[in-house]
Amino acid sequence: MRATRGRIENLVMRIQDDFLRTPWLALTSATASERFGVDSLTCEAVLNALADANVVSRSRQGIYVRNFPETAHRPGAKSLRARPHRPQHTGQAA
C-alpha cells in the first residue's frame, strides 16, 4: 500500500481520535502499529508528529500517552481551587 497524503492524514486523525476517546491509553510504537494496522516506521512518524503537536507525550520507555494540559497555563482560565473568604475592612470601628 502506497502512503499518500490522504492516507497519512486519515491515519493521524484515527490515532489522535483513539487517544482522545480513550484518555488513559498507553501504546508503544509496536503496539500502535499492530492496533492501527500500519508499518512501524509510518506509525512511529505519526506518533512523533502527534507528540510535536502536544497531543501525546512519549516516555523514556517509548510509551505514548495523551497529554493533559493544565488549565492554569491557558490564558483566561480560572483556577479551580476554592479561595477562602476574607472579610473586608471598612475602616469603621464596631
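The rules behind the values
- Residues numbered from 1 in each chain as written.
- Predicted model: local features only at pLDDT ≥ 70, side-chain atom pairs only at ≥ 80, totals over all residues.
- Heavy atoms only, no water.
- Core = buried A, V, L, I, M, F, W, Y, C linked by side-chain atoms within 4.5 Å.
- Buried < 20%, exposed > 50% of the residue type's maximum accessible area, 1.4 Å probe, protein only.
- Helix = DSSP H or I, 4+ residues; strand = E, 2+ residues; numbered from the N terminus.
- Contact = heavy atoms within 4.5 Å.
- Pairing = 2+ DSSP bridges.
- Axes fitted to C-alpha atoms, helices over the stretch in contact; angles between N-to-C directions.
- pLDDT = per-residue confidence, 0-100.
- Parallel < 35°, antiparallel > 145°, perpendicular 65-115°, else oblique.
- Left-handed = near helix turned anticlockwise from the far one by under 90°.
- Arc of directions from axis to C-beta.

Counting 15 residues, the largest nonpolar core has Ile15, Phe19, Phe36 and Leu47 as the members making the most contacts within it. Of all elements in the fold, only α1 (5–21), α2 (29–36) and α3 (40–52) reach the threshold of two or more residues within this core. No other element matches the four residues that α3 contributes to this core. Once residues within four sequence positions are removed from consideration, phenylalanine 36 is found in contact with Leu11, Arg14, Ile15, Asp18 and Leu27.

Strand order in this open sheet of three strands is β1-β3-β2, and the pairing throughout is antiparallel. In this open sheet, the two strands that pair with only one neighbour each are β1 (26–28) and β2 (56–58). For this sheet, the mean angle separating the axes of adjacent strands, direction not counted, is 30°. By the bridge criterion, three bridges tie β2 to strand β3 (residues 63–66) in an arrangement that is antiparallel.

This part is about the confidence of the model for the chain. Summary statistics for the chain give a mean pLDDT of 82 and a share of 70% for residues scoring 70 or more. Here residues 79–83 is modelled with pLDDT under 50, and outside its nearest four sequence neighbours on either side it reaches zero contacts, counting other chains as well.

A few words on the packing of α1 against α3. Axis separation between α1 and α3 bottoms out at 10 Å; the angle between their running directions is 60°. Here α1 is positioned oblique relative to α3, judged by the angle of their axes. Remark: the crossing between α1 and α3 carries right-handed chirality. Here Leu11, Val12, Ile15, Gln16 and Phe19 of α1 lie close against α3, whose contacting residues are Thr42, Cys43, Val46, Leu47 and Leu50.

Our next topic: α2. Every buried residue belonging to α2 is among Ser29, Ala32, Ser33 and Phe36, and all of these are buried. Relative to the axis of α2, the buried residues are bounded by an arc of 105° and lie together on one face. For α2, the elements touching its buried residues are α1, β1, α3 and β3. Note on α2: the residue one or two positions beyond its end, glycine 37, has a positive phi of about 65°.

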